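Working through the structure, step by step
Residues per chain, in single letters:
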Amino acid sequence: MIDIKNLTVNYEKKTALKNFSLSIKENEIVAIVGESGSGKTTVLRTILNILPQNSQIISGKIYFQNKSLLDLNLNDWQNLRGNEIAIIFQDTGNMLNPVRTIGSQFIEYIKAHSKLSKKEALNLSKQMLKKMNLQNVENILKSYPFELSGGQCQRIGIAMAMTFKPKLLLADEPTSALDANTQAQIVQELLKLHDEYKTTILMITHNLAVANYMADRILIMKDGEIIDFVDKNKLFNSKNEYTKELINSIPNLKGKRYV
Ligand SMILES: Nc1ncnc2c1ncn2[C@@H]1O[C@H](COP(=O)(O)OP(=O)(O)OP(=O)(O)O)[C@@H](O)[C@H]1O
Ligand SMILES: [Mg+2]
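Structural notes, computed from the coordinates. (Residues numbered from 1 in each chain as written. Chains lettered and ligands numbered in written order. Predicted model: local features only at pLDDT ≥ 70, side-chain atom pairs only at ≥ 80, totals over all residues.)

Some thoughts on unusual backbone geometry
Using the following cut-off: The numbering of helices and of strands both runs from the N terminus, where a helix is a DSSP run of H or I of at least 4 residues and a strand a run of E of at least 2. The exposure scheme places C-beta atoms from the backbone and then counts, for each residue, the other C-beta atoms within 10 Å of its own, assigning buried at 20 or more, exposed at 12 or fewer, and partly exposed in between.
With a phi close to 55 degrees, N136 is a non-glycine residue in the positive phi region. Within the fold, N136 resides in the loop between α5 (118-131) and α6 (137-142). Since 10 C-beta atoms lie within 10 Å of it, N136 is described here as exposed.

Quick look at the structure:
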């Protein structure tokens, strides 16, 4: 469903992705792990066409459902982003506008991506928040981001991202800012949505146990390249030296299941 071919991306003169290729099948969950600066976020930014000004795509192609993403115009992106490809970030609380209620931001998001009326948008936002197991949805809609917990904000971020049943969900460390308990709950919510909507997921996580548990395939990145691919539940058996090093650098996670 998405096919990235020989992608090279620079920031100024520095190469962040080197000849990066990755194919993801429909309904698959793929996790990217790798040390800080290895290029993980750059992969997601390039897919969604949200690279910063100082970046440059040197070469490569990205096909999403047979459309060449790097050749789309702004109008095409307007239709695609949010509707067919959506993204969740590490810290939704910081992404939300602090001086506006959740309700007004959620409704604005829905109206920006659809032709629904305000009332329909309100109903849809309630429905999505309930789907994310948030209690007291009416209160949440009236709240400001600072009045909510990190876990609640993250559920709101996922609810927004999933509103239009995107075919591809990109997630950049969606659970990293949360405590272990909330992290485990959010992982379960994501898996439930994946089951229900058949959404393909490409996620970045620092948590090797989460990657091992959730993903059908895990790719290990280093210096802008993929250096190891492992299947679900096989991360801790990888023979790759670098992968072993990465696992050993996080001793308390080794082999343990956190979810
Ligand atoms: N806006 C930018 N300007 C210049 N260099 C950048 C910019 N964004 C990222 N880089 C550089 O590109 C490389 C890849 O960054 P990227 O954010 O993709 O890494 P990452 O794997 O997501 O790291 P982290 O785990 O810390 O989020 C790094 O060397 C980083 O310093
Ligand atoms: Mg990153």
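Quick notes on the sheet that holds strand β3 (residues 29-34)
Basically, it comes down to this: Following DSSP output, two strands are said to pair if at least two bridges run between them. Only the contacting stretch of a helix is used when fitting its axis, a line to C-alpha atoms as for every element, and angles between N-to-C directions run 0 to 180 degrees.
Spatially, β6-β7-β8-β3-β9-β10 is the arrangement adopted by the six strands of the open sheet, whose pairing is mixed. One side of each edge strand has no neighbouring strand; the edge strands of this open sheet are β6 (85-88) and β10 (225-231). Recorded for the sheet is a direction-independent mean angle of 20 degrees between the axes of neighbouring strands. As judged from the four bridges shared by β6 and strand β7 (residues 168-172), these two strands associate in the parallel manner. Counted as the bridge partner of A86 is L169 from β7.

Considering the environment of I32
Let me state the cut-off plainly: This entry defines residue contacts through backbone-placed C-beta atoms, with two residues in contact when those atoms are within 7 Å.
On the secondary structure map, I32 appears in strand β3. Along the sequence, I32 and A215 sit 183 residues apart, while their C-alpha atoms lie 9.2 Å from each other. Residues in contact with I32, not counting those within four places in the same chain, are K40, V43, I204, L219 and M221.

A short note on the nonpolar core
What counts is decided by this rule: For our purposes the nonpolar core covers buried Ala, Val, Leu, Ile, Met, Phe, Trp, Tyr and Cys residues that link as a set through C-beta atoms within 7 Å.
Ranked by internal contacts, the top residues of the largest apolar core, which has 70 residues, are A31, A159, A161, L170, A211 and I218. Top contributing element to this core by residue count: helix α7 (residues 150-162), with seven residues.

Regarding the pairing of strand β9 (residues 217-222)
Looking along a regular strand, one sees side chains alternate from face to face of the sheet. With five bridges joining them, β3 and β9 adopt parallel strand pairing. Looking at the pairing, G34 lines up with M221 of β9. Connecting the antiparallel pair β9 and β10 is a turn made up of two residues, with D223 showing a positive phi of about 45 degrees.

Focus on the site of ligand 1
Just so we agree on the cut-off: Throughout this description, a residue near a molecule or strand is one whose C-beta atom, derived from the backbone, lies within 6 Å of it. Put simply, Ala, Val, Leu, Ile, Met, Phe, Trp, Tyr, Cys and Pro go in the nonpolar bin, Asp, Glu, Lys and Arg in the charged bin, and everything else, Gly too, in the polar bin.
Surveying the vicinity of ligand 1 reveals the residues Y11, A16, G34, S36, G37, S38, G39, K40, T41, T42, P52 and N54. In terms of residue count, the dominant contributor to the shell around ligand 1 is helix α1 (residues 40-47) (three residues). Grouping the constituent residues of the shell around ligand 1 by class yields three nonpolar, eight polar and one charged.

Some thoughts on α7
Rule in force here: Under the convention used throughout, the expected extent of a helix is 1.5 Å for every residue step, that is, one less than its residue count.
Compared with an ideal rise of 1.5 Å per residue, which puts 13 residues at 18 Å, α7 spans 18 Å between its outermost C-alpha atoms and is within 8% of the ideal. Counted residue by residue, α7 has 11 buried out of 13 residues, so it is predominantly covered. Along α7, the positions that sit buried rather than exposed are Q152, C153, Q154, R155, I156, G157, I158, A159, M160, A161 and M162.

Some remarks on the packing of α5 against α7
What counts, and what does not: Oblique is the label for any angle not under 35 degrees, not over 145, and not in the 65 to 115 range, which are roughly parallel, roughly antiparallel and roughly perpendicular in turn. Put simply, a crossing is left-handed when the front helix is turned counterclockwise from the back one by less than a right angle, and right-handed when it is turned clockwise.
Axis separation between α5 and α7 bottoms out at 9 Å; the angle between their running directions is 125 degrees. By the criterion of interaxial angle, the relationship of α5 to α7 is oblique. Of the two elements, α5 crosses α7, and the hand of that crossing is right-handed. Residue-level inspection shows M128, L129 and K131 of α5 in contact with α7, the latter providing I156, A159 and M162. A class-by-class count of the residues in the contact of α5 with α7 yields five nonpolar, no polar and one charged.

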